[in-house]
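Here's the letter readout for the chains.
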Amino acid sequence: MNKVINNKSSETISFWYDPDKRSIFYQIGAACLFAFVAWYLISNTMANLERQSIATGFGFLNKEAAFEIGESLIEYSAADRYARALSVGFLNTLLVSFIGILLTVVLGTFIGVARLSKNWLINKCAAGYIELFQDIPVLLQLFFWYAFFYEMLPSPREALSPFTGLFLCNRGLIFGIPQAHPVYKYMLIAILIAVIVTFLLKKWAKKRQDLTGKAFPVFYTSIALILGLPFASWLIGGAPTEMSIPVLKGFNFKGGLTISPEFAALLLGLVLYTAAFVAEVVRAGIQAVSKGQTEAAMAIGLKPGQLLNLIILPQALRVIIPPLTSQMLNLTKNSSLAVAIGYPDFVSVAGTAINQTGQAIEGVMLIMIVYLIFSLSTSAFMNWYNKKMAIVER
Amino acid sequence: MELNANNENEVLVKPPISSVGVIGWIKGNLFSSPFNTILTIIIVSILWFSILPFLNWALIDSSWLPDANCRESGGACWSIISSNYKIILFGFYPQDILWRPITAIVMLVSLLCISRNRNYWNAFLGYSWLISLIIMGILLKGGILGLEPVDIERWGGIILTLLLSVFGLTAAYPLGIILALGRQSEMPVIKTFCIFYIELIRGVPLISLLFMSSVVFPLFLPEGVSINAILRAQVAIIMFTAAYVAEVVRGGLQGMNKGQFEAADSIGLNYFQTMRLIILPQALKIVIPPSVSVLISAFKDTSLVVIIGLYDLLKTTQTTLSEPKWMGFSAEAYIFIALIYFVCCFFMSNYSRKLEKELDTGL
């Protein structure tokens, strides 16, 4: 019966009033419009490229770059190819983002907790910090810190030295590091092993507790492992204590590790700016856990450490992690402003490549692809995390 | 009898002096525990040793007058601002007709102040915005009514910053709404286009779009056609902001009750009527506070056009700083424009918080 009525009604509907057919019509229209615009732009571009005799394609990646890059994590000289120059830029972007994210999370958590302090002065200082740094464009902050390093700090001869082995001057931040020695490589491996063992230990301890109810002091054991293993390997390796201390020679420092003003300004600007946003995220996350949870946990006799680990953090992190990841992504995207203060990040190197080869389309495309990879992998992680963390309704 | 006595006692016994008044407040808020006491002392000493020298530098040892000799005094040189404020604020706009941009900015600011109050939100305000924007455009551009024409290339400083952010958001908002509706649509082709656009734009930094506008966009145009750099940057900012607006609006659309759609269907409204009369008025109301946040970031992001060489507030400041006479006074100049940005953003974020409180009680 129903079917008959349906058939009848679909017969009476004219073509233009059938939502299904109309939607197909709209979609074909949109696709045609898109195709037409794309064709128009591409044909214009092709004509323009031909007229200006600009090469197309990614062949330029194999040509000699012929420009120097100030800072590099890998060997690079002007005789290398564009592909290598771009990977230098990519690694620099990764480096500044990675260190920046670490520092931002630490500083942001600190300020976020301070924002909730019962101490009025600390509370207001944190609030003032958040308001001040959120409301000034990050580019302006970068310029300010760059000027701070180049104009306000003294020359290497009169370098500020708050304590031995550390110098602050207009050549950047220079500090002493341990003299290169094979044992440090082994210490790094030892730390990696310790982390893996800790991870396995935690799994095993949880399984055992689920089965037998016996708790295992995972926290203290892992601290002992992570500190002890590298220390042991350092002792076995002969306990080298030699340091490479920077010394003023001529107009500059020799030895030690130098952090260039560009890198320092970029890092400082990004960290201080993003930390203000992270602080708000952390504050909101902590406030999201209701007071009853703390009271209930105390009532069933959990110790403060357990209270934090088992009750507060799992709930607060569920609120904190998604916006925190988007702030990390923001920091990575903002690191592209390095181009304005001359730090050779990916955008800056790609910009130079565009200027030299004239292949603007490929250059901008490369920039977009690199950042899309960052953001798509982040959102893939977020989807996975949200699924894992979603509250299971019972 | 006993009850009475008790009552009398209650009246007579005052709380100890250490728990009320100024002392009580200080004790409760600054020295409530040994840990808090230590923190308070540390913070006070840090503030003492950083704020005092700063105030000394900024206010006492400083020179303010345009012709002061800055290099000799040890303090801040605000002379860089007082001698160059015309360049910093208005770029290369002809200096003898500065009353025109100033009038335009005053109009904009007073309109914004009036619009703060939601009681005034009506059709009349909408029309006055439209008319004022046209008047502002005429004032800035000139060319009619006997006003001397000013080339858009010469608009700079705060005019450019405001132009890019105000037009950026007014144009991005409708575009963002269309994108958000497209993303929620049931037509797969349109939905895919919108998702692709939004995710692409949100995944890349604004600077890549600005690069695109400055070096790639000219290649898209047929031979002989060229669009000026400010307009191209404006398009890039609109495209960028629209993707963020779209996500904000989508949040509002998803927050809509399904019953609203069904009710609209049942009284026979078509898609456009449903959206215009039922869904959007409610959804857009929910997303006013996050929209203000988008406005704030759009406002801050306009500073990025300095990288493609447009003379916004930041670039005019740097131009001033590159003059030999004013080299080395970056701190003063940057603090001055930071103050401008801070005041603008602070009012906007305050407003957003106020709105959030007002709208919270609604539904």
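Keep in mind that what you see is a predicted model, and the values were worked out from it rather than measured.

Trainee: Got a minute to help me understand the overall build of chain A in this structure?
Mentor: When you go through chain A residue by residue, the secondary structure sums to 13 helices and seven strands. In terms of overall dimensions, chain A is more spread out than a globule: its C-alpha atoms have a radius of gyration of 29 Å, far above the 21 Å expected for 394 residues. Once the C-alpha set of chain A is aligned to its principal axes, its extents read approximately 90 × 75 × 45 Å. When the 394 residues of chain A are sorted by exposure, 38% land in the buried category. Expressed as a percentage of contacts within chain A between residues at least 6 apart in sequence, the contacts between residues at least 24 apart total 66%. For chain A, the computed accessible surface area is about 23100 Å², with 68% contributed by carbon and sulfur atoms.

Trainee: Could you clarify how one ought to interpret the packing of aromatic side chains in this entry?
Mentor: Given two aromatic rings, one states the distance between the centres and the angle between the planes to describe the pair. Within the structure shown, the criterion is met by 25 aromatic pairs over all chains. A ring pair is formed by F144 of chain A and W145 of chain A, whose centres lie 5.3 Å apart and whose planes are at 80°; its orientation type is edge-to-face. Given the relative accessible area of 22%, F144 of chain A is considered partly exposed. Look at W145 of chain A and you get buried, because its relative accessible area is 17%. Ring centres of F381 of chain A and W384 of chain A lie 5.9 Å apart, and the angle between their planes is 40°; this geometry places the pair in the tilted category. Remark: W384 of chain A and F381 of chain A occur in helix α13 (residues 360–389); sequence separation between them is three residues, near one turn of the helix. What links up through ring pairs into an aromatic cluster is the set F90, F346, Y371 and F374 of chain A. The cationic tip of R202 of chain B hangs over the ring face of Y244 of chain B; the distance from NZ or CZ to the ring centre is 5.5 Å. Just above the ring of Y311 of chain B sits the side chain of K315 of chain B; from NZ or CZ to the centre is 5.9 Å.

Trainee: It is not clear to me how the pattern of salt bridges should be interpreted in this structure. Could you clarify?
Mentor: Counted by the stated rule, this structure contains nine salt bridges over all chains. Salt-bridge contacts for R353 of chain B lead to E131 of chain A; the nearest nitrogen and oxygen are separated by 3.1 Å. With one member in each of two chains, R353 of chain B in helix α15 (residues 330–360) and E131 of chain A in helix α4 (residues 120–134) form a pair that bridges those chains. The residue R250 of chain B makes a salt bridge to E247 of chain B at a minimum N-O spacing of 3.0 Å. Of the two residues, R250 of chain B and E247 of chain B are both situated in helix α10 (residues 229–254); the distance of three residues between them amounts to about one turn of the helix. By sharing partners, the salt bridges in this structure join R183, E199, E247 and R250 of chain B into a single network.

Trainee: Sorry if this is basic, but what is going on with the pairing of strand β1 (residues 166–169) of chain A here?
Mentor: On a regular strand, each side chain points to the face opposite its neighbour's, so the side chains alternate between the two faces of the sheet. All names here are of chain A. As paired elements, β1 and strand β2 (residues 172–175) share four bridges and run antiparallel to each other. Of the residues in β2, the one forming a bridge with L168 is L173. Taken together, β1 and the strand that follows it, β2, pair antiparallel across an intervening segment of two residues.

Trainee: Please explain the interface of chain A and chain B as it appears in this structure.
Mentor: Interface size, as often reported, equals the accessible area lost upon joining of the parts. Counting residues at the interface gives 49 residues for chain A and 56 residues for chain B. Interface area, chain A with chain B, both sides summed: about 4500 Å², of which 75% is carbon and sulfur. When the buried surface of chain A facing chain B is broken down by residue, Q27, D135 and L140 of chain A rank first, second and third, together holding 13% of it. Linking chain A with chain B are one salt bridge, by the criterion used here. Elements represented by at least two residues in the side of chain A that touches chain B include exactly α2 (19–51), α4, α5 (138–152), α8 (261–288), α11 (338–341) and α13 of chain A. The greatest single-element share of the side of chain A that touches chain B, amounting to 13 residues, is contributed by α2 of chain A. For the side of chain A that touches chain B, the residue count by class is 33 nonpolar, ten polar and six charged.

Trainee: Looking at this model, I keep getting lost on helix α7 (residues 218–236) of chain A. Mind explaining?
Mentor: Each turn of an α-helix holds 3.6 residues, which means side chains three or four residues apart point in the same direction. Residue and element names in this part refer to chain A. With 19 residues, α7 extends 26 Å from end C-alpha to end C-alpha; this agrees with the ideal 27 Å at 1.5 Å per step. Along α7, the helix axis deviates most sharply at G228, where the bend reaches about 30°; the proline P230 sits within four residues downstream. V218, S222, P230, S233 and W234 are the residues of α7 that are buried. Packing partners of the buried residues in α7 comprise α6 (182–212).

Trainee: Would you mind going over the environment of I312 of chain A with me for this structure?
Mentor: Residue and element names in this part refer to chain A. Residue placement: I312 occurs in helix α10 (residues 304–334). Spatially, the C-alpha atom of I312 lies 13 Å from that of R283, the residues being 29 residues apart in sequence. Excluding anything up to four places from it in sequence, I312 contacts V289, T294 and L307.

Trainee: Mind showing me how you'd approach the sheet that holds β1 of chain A here?
Mentor: Sheet strands pair by backbone hydrogen bonding; their relative direction is either parallel or antiparallel. All names here are of chain A. One open sheet holds the three strands; their spatial order is β1-β2-β7, and the pairing between them is antiparallel. Where the open sheet ends on each side, the last strands, each with one partner, are β1 and β7 (257–259). Between one strand axis and the next, the sheet turns by 15° as a mean value, whatever way the strands run.

Trainee: Just checking my understanding: could you explain the pairing of β2 of chain A for this structure?
Mentor: Pairing of β2 of chain A with β7 of chain A, which is carried by three bridges, proceeds in the antiparallel orientation. Paired with I174 of chain A across the strands is T258 of chain A, a residue of β7 of chain A.

Trainee: What is the right way to read the environment of I335 of chain B from this model?
Mentor: With respect to the helices and strands, I335 of chain B occurs in helix α15. The partly exposed category is assigned to I335 of chain B, whose relative accessible area is 25%. Leaving out residues up to four positions away in the same chain, I335 of chain B has contacts with F144 of chain A together with F54, W57 and W78 of chain B.

Trainee: When you look at the domain arrangement of chain B in this model, what are you seeing that I'm missing?
Mentor: As far as domains go, chain B holds domain 1 (2–60) and domain 2 (79–93 + 150–360). Here domain 1 of chain B and domain 2 of chain B have C-alpha centroids that lie 45 Å from each other.

Trainee: Please explain the packing of helix α8 (residues 188–203) of chain B against α10 of chain B as it appears in this structure.
Mentor: Each pair of packed helices can be summarised by the angle the axes make with each other and by the distance between the axes. Residues and elements named next belong to chain B. α10 packs onto α8 with a crossing angle of 115° between their chain directions and a minimal axis gap of 9 Å. On the basis of the axis angle, α8 is roughly perpendicular to α10. Crossing geometry of α8 relative to α10 is assigned as left-handed. In contact with Y197, I198, I201 and R202 of α8, α10 contributes M239, F240, A243, Y244, A246 and E247. Its residues assigned to classes, the contact of α8 with α10 comprises eight nonpolar, no polar and two charged.

Trainee: How do you make sense of α6 of chain A when you look at a structure like this?
Mentor: Residue and element names in this part refer to chain A. The end-to-end C-alpha separation of α6 is 44 Å, in line with the 45 Å expected for 31 residues at 1.5 Å each. V183, M187, A190, A194, T198, L201 and A205 are the residues of α6 that are buried. Lining the buried residues of α6 we find α7. G213 lies just past α6 and shows a positive phi near 85°.

Definitions and limits used
Residues numbered from 1 in each chain as written. Chains lettered and ligands numbered in written order. Predicted model: local features only at pLDDT ≥ 70, side-chain atom pairs only at ≥ 80, totals over all residues. Heavy atoms only, no water. Helix = DSSP H or I, 4+ residues; strand = E, 2+ residues; numbered from the N terminus. Rg over C-alpha atoms; globule rule 2.2 N^0.38 Å. Buried < 20%, exposed > 50% of the residue type's maximum accessible area, 1.4 Å probe, protein only. Contact = heavy atoms within 4.5 Å. Areas by Shrake-Rupley, 256 points an atom, 1.4 Å probe, with all protein chains shown as cover. Phe/Tyr/Trp six-rings, centres within 6.5 Å; stacked < 30°, edge-to-face > 60°. Lys NZ or Arg CZ within 6 Å of the ring centre and 35° of its normal. Salt bridge = Lys/Arg side-chain N within 4 Å of Asp/Glu carboxyl O. Pairing = 2+ DSSP bridges. Buried area = accessible area lost by both parts, 1.4 Å probe. Nonpolar A, V, L, I, M, F, W, Y, C, P; charged D, E, K, R; others polar. Expected span 1.5 Å × (residues − 1). Bend = angle between axes of the 7 residues up to and from the residue. Axes fitted to C-alpha atoms, helices over the stretch in contact; angles between N-to-C directions. Domains from an automatic or database assignment. Parallel < 35°, antiparallel > 145°, perpendicular 65-115°, else oblique. Left-handed = near helix turned anticlockwise from the far one by under 90°.

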